[in-house]
Amino acid sequence: MQIEQAETLGRYRLGAELGRGALTTVYRGTDPALGRAVAVKVLRADLAQEVRQGAREHFLREASAAVRLRHPHIAAVYEAGEQGEIAYCAMELVEGRNLDTVRHDGNRLPFARIGAIIAQLADALDYAHGQGIVHRDVRPANIFIMPDGGAKLADFGLAYTPAAKDGQPLTARAAAKYHSPQQALKQPLDPSTDMFSLGVVLYEMLARRTPFELPDESQLLALKVRIAREPHQPVTKIDASIPPGFDRVLARALAKLPKDRYARACDMADALRAQGLAPLAAAPLGLAMGAPALRVAQKLQPAAPATEPAALPQSQPSATPSAPTKPAVPMQKAGTVMDVLGDLDAFSRTLDEQAKALQEAAEEEERLKALEGQRSAEAEAQRLLHEEADLPSLDSLGKSPDTTTDLSRSAVLATLKRQSAARPAEGQAGSREQTRSRIDRMLRAAMKYLSELAVGVNGASPTLERPYELLYLPKPPPMRIAEAFTDLRTRRVEGDEVCDFVFLKFRASYTPPGRMELTATDLELCKRLLDAGRVPFEVQV
């Protein structure tokens, strides 16, 4: 059965061909059940029999595994299956531009935009690795830049490099430029291979060439040797205008040994953001049920004071924005949620920094007290040595001068022991109590600040203009924030009841509630994801 003769695969109607690779062909398709456009990737029927069998097993296994990945920066795989001899998978039809196309435009993206894109892809890889899936083919051809400036990674787990009859791999040399040392040496692959490949993509976006290729070279073996053995040239040596922080990130990402790379992909994203190379202002807001939303919220930071890249035109209209019902609290855009969380994160970090400063001040005060005590002891020792009137005379004791010196030293030692026994315990106890009291006051002040914020939110009940994108709900209604409240937890420390932590909670709900239609195969998965996110919902069958 030839794919050109088939009008449908499973429930999907096929349209025009979108692209063709060594093993697969991609068609534009339609899912009539949900009324959405999809991309249908099909294993090519003209492959040699020995190649086709191994590729088919790998294709179906990895596509079925990728179905469970739901992340805002991963192109979703909806379904994998077979029809006759044709193996296929239906995927999200990504409307963005391929990074392979973007990088050939001639203009390098702004450094902040590059950092934000790589950080988003690192977050996506970290999520996939947590699900036990290694991409194995991170390169520009599988990265899409969306109209809103975000990035999506496609073809998770579908990389497959069988050997042809002449012994040469079917993978093009263009893909080999992004391989890790493990791939070059044909060693077992783990998540660290994706970190290396992502580092190569970052290097190319900055330097406009990959780190191990040479101009006009055609020897694949020589390329693999350099990937496995030779160090890369720092990007700042190629272009001095590149921020040096990128070199520090690339030194870890492009390490030859897996143990020397980042332990997790999210560590690379954190490194980019911590050094101001990936300001959050350049990243789009997006949530996906089943994605590690808690981790995303914990890592929100205020945007660095960098110029925000110009917004790109939207490929399709979003839900109609609606203004806040009460303009008492100026919440202008969906980014306000990010602002609030970033504000809280900054406030939390300020508390941590102040607590650390208080601790350091207390330690410095303790050190000065100890130094002052030492000086007092030395002064006391000198006084005892020179107060001969308080010591027995040589004539009365009938002792030698040496004996008198020993007696003076004994008196000095006794004084020093008394002072050292009394002072440290008193000083340390006082320092701990003062630090504990200061932290308790600061946390209670934070509680007051957050309570005022909650009152303002509840009074305004603001509606976000840009809706949260949710799985299976491509055009959700506006979202309103309400029911904000604060609370604190205390614990007993050395007999005192002190504040341990404070928190702010609020409810974000669709107005009106969102509605979506699902097929039976998607219904159970959606219910599990909503239950996991503690999202209230109703089902009508």
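Everything below is about the structure printed above this text.
As the structure is a prediction and not an experimental result, all values here were calculated from the model. (Residues numbered from 1 in each chain as written. Predicted model: local features only at pLDDT ≥ 70, side-chain atom pairs only at ≥ 80, totals over all residues. Heavy atoms only, no water.)

**Q** For the overall build of the protein chain, give the residues involved together with the corresponding values.
**A** Helix and strand counts for the protein chain come out as 15 helices and 12 strands. In the protein chain, which comprises 541 residues, the proportion classed as buried is 42%. Partitioning the contacts of the protein chain with sequence separation of at least 6, the portion at a separation of at least 24 is 66%. (Helix = DSSP H or I, 4+ residues; strand = E, 2+ residues; numbered from the N terminus. Buried < 20%, exposed > 50% of the residue type's maximum accessible area, 1.4 Å probe, protein only. Contact = heavy atoms within 4.5 Å.)

**Q** Report on the sheet that holds strand β9 (residues 151-153), specifying residues and quantitative values.
**A** Read from one edge of the open sheet, three strands run β7-β8-β9, paired in antiparallel fashion. At either margin of the open sheet sits one strand with a lone partner, and together these are β7 (97-98) and β9. Bridge analysis of strand β8 (residues 143-145) against β9 gives three bridges, and the strand direction is antiparallel. Bridging from a neighbouring strand, I143 pairs with L153 of β9. Packed onto the sheet, helix α3 (residues 111-130) meets β8 and β9 and runs at close to 35 degrees relative to β9. (Pairing = 2+ DSSP bridges. Axes fitted to C-alpha atoms, helices over the stretch in contact; angles between N-to-C directions.)

**Q** An account of the environment of L272 is needed here, citing residue identities and associated values.
**A** Structurally, L272 can be placed in helix α10 (residues 265-274). Residues L272 and A112 lie 160 residues apart in sequence; the distance between their C-alpha atoms is 9.7 Å. Those residues within four positions of L272 in sequence are excluded, and the remaining contacts are G115, I118, A119, F246, V249, L277 and A278.

**Q** Residues and numbers for the side chain of K41, please.
**A** Tracing the backbone through its elements, the reader meets K41 in strand β4 (residues 36-43). Classification of K41 as buried rests on a relative accessible area of 6%. A polar contact is formed between the side chain of K41 and the side chain of D155, at a distance of 2.5 Å. (Polar contact = N/O pair within 3.5 Å; in protein donor to acceptor, adjacent residues only side chain to side chain.)

**Q** Can you lay out the pattern of salt bridges for me, pointing to particular residues and giving the numbers?
**A** Inspection of the entire model under this criterion finds 19 salt bridges. Close ionic contact of R139 with D137 constitutes a salt bridge, the shortest N to O distance being 2.8 Å. Residue classification places D137 among the buried residues on the basis of a relative accessible area of 13%. A single salt-bridge network, built from bridges that share partners, covers R11, D31, R36 and E79. (Salt bridge = Lys/Arg side-chain N within 4 Å of Asp/Glu carboxyl O.)

**Q** An account of the sheet that holds strand β10 (residues 463-464) is requested, with residue identities and associated values reported.
**A** Strand order in this open sheet of three strands is β10-β11-β12, and the pairing throughout is antiparallel. On the outer flanks of this sheet lie β10 and β12 (496-510), each paired with one strand and no other. When β10 meets strand β11 (residues 479-493), the two strands line up antiparallel, connected through two bridges. Residue pairing in the sheet places L464 in a bridge with M479 of β11.

**Q** Describe a nonpolar patch on the surface, with residues and values.
**A** Together, F537, V539 and V541 make up an exposed nonpolar region whose accessible area comes to about 310 Å². Considering the arrangement of structural elements, one finds F537 in the segment after α15 (520-532). A residue is classified by how much of its surface remains accessible, and F537, at 31% relative accessible area, is partly exposed. (Patch = residues over 30% accessible without salt bridge, like charges linked within 9 Å, V, L, I, M, F, W, Y side chains within 5 Å. Areas by Shrake-Rupley, 256 points an atom, 1.4 Å probe, with all protein chains shown as cover.)

**Q** Residue-level account of the pairing of strand β5 (residues 77-83), with values.
**A** Alignment of β5 against strand β6 (residues 86-92), held across six bridges, turns out to be antiparallel. Note on β6: the bridge partner recorded for E82 is A87. Where β5 folds back on β6, the antiparallel hairpin that results is connected by two residues, among which G84 adopts a positive phi of roughly 65 degrees.

**Q** Any details on helix α9 (residues 245-253)? Residues and values, ideally.
**A** Side chains of residues three or four places apart in an α-helix project in the same direction, reflecting 3.6 residues per turn. Residues G245, F246, D247, V249, L250 and A253 constitute the buried set of α9. In this structure, the buried side of α9 is in contact with α3, α6 (191-207), α8 (235-238) and α10.

**Q** How would you explain the nonpolar core if you had to name every residue and give the values?
**A** By size, the foremost hydrophobic cluster in this structure holds 71 residues, and its most contacted members are I118, F156, L202 and M268. Residues L450, V457, A484 and Y510 belong to the second largest nonpolar core, which totals 14 residues. (Core = buried A, V, L, I, M, F, W, Y, C linked by side-chain atoms within 4.5 Å.)

**Q** Kindly report on the packing of aromatic side chains, identifying the contributing residues and their values.
**A** Across all of its chains, the model carries two aromatic pairs by this definition. Residues F196 and F212 carry aromatic rings whose centres are separated by 6.0 Å and whose planes lie at 10 degrees to one another, so their mutual orientation is stacked. Residue F196 is found in helix α6, and its partner F212 is found in the loop between α6 and α7 (220-229); the two are separated by 16 residues along the sequence. Note that R36 overlies the ring of Y78, its terminal NZ or CZ placed 3.6 Å from the centroid. (Phe/Tyr/Trp six-rings, centres within 6.5 Å; stacked < 30°, edge-to-face > 60°. Lys NZ or Arg CZ within 6 Å of the ring centre and 35° of its normal.)

**Q** Describe the pairing of strand β3 (residues 24-31), listing the residues and the values that go with them.
**A** For a regular strand, the rule is simple: side chains alternate between the two faces of the sheet. Summarising burial for β3: six of the eight residues are buried, a large majority. Pairing of strand β2 (residues 12-20) with β3 involves five bridges; the strand directions are antiparallel. Paired with E17 across the two strands is Y27, which belongs to β3. The antiparallel pairing of β2 with β3 creates a hairpin that spans three residues between the two strands. Bridging between β3 and β4 involves eight bridges; their strand directions are antiparallel. Along β4, the bridge assignment pairs T25 with V42.

**Q** How would you sum up the packing of α3 against α10? Please name residues and give values.
**A** For the pair α3 and α10, interaxial distance at closest approach is 7 Å and the crossing angle is 155 degrees. Our classification of the angle between α3 and α10 gives roughly antiparallel. Handedness of the crossing formed by α3 with α10: left-handed. Packed against α3, whose contacting residues are G115, I118, A119, Q120, A122, D123, L125, D126 and H129, the element α10 presents A265, C266, M268, A269, L272 and R273 at the interface. When grouped by side-chain class, the residues that make up the contact of α3 with α10 number nine nonpolar, three polar and three charged. (Parallel < 35°, antiparallel > 145°, perpendicular 65-115°, else oblique. Left-handed = near helix turned anticlockwise from the far one by under 90°. Nonpolar A, V, L, I, M, F, W, Y, C, P; charged D, E, K, R; others polar.)

**Q** Describe the environment of P478, listing the residues and the values that go with them.
**A** Position of P478 among the secondary structure elements: in the loop between β10 and β11. Owing to a relative accessible area of 14%, P478 belongs among the buried residues under this scheme. On a C-alpha basis, the gap between P478 and G514 in space is 9.1 Å, while along the polypeptide they are 36 residues apart.

**Q** So what's going on with unusual backbone geometry? Residues and values would help.
**A** Backbone geometry at K186 places phi at a positive 55 degrees, although glycine is not the residue there. By the element assignment, K186 lies in the loop between α5 (181-184) and α6. Judged by relative accessible area, which is 69%, K186 ranks as exposed. Its identity is not glycine, yet R208 carries a phi of approximately 70 degrees, on the positive side.

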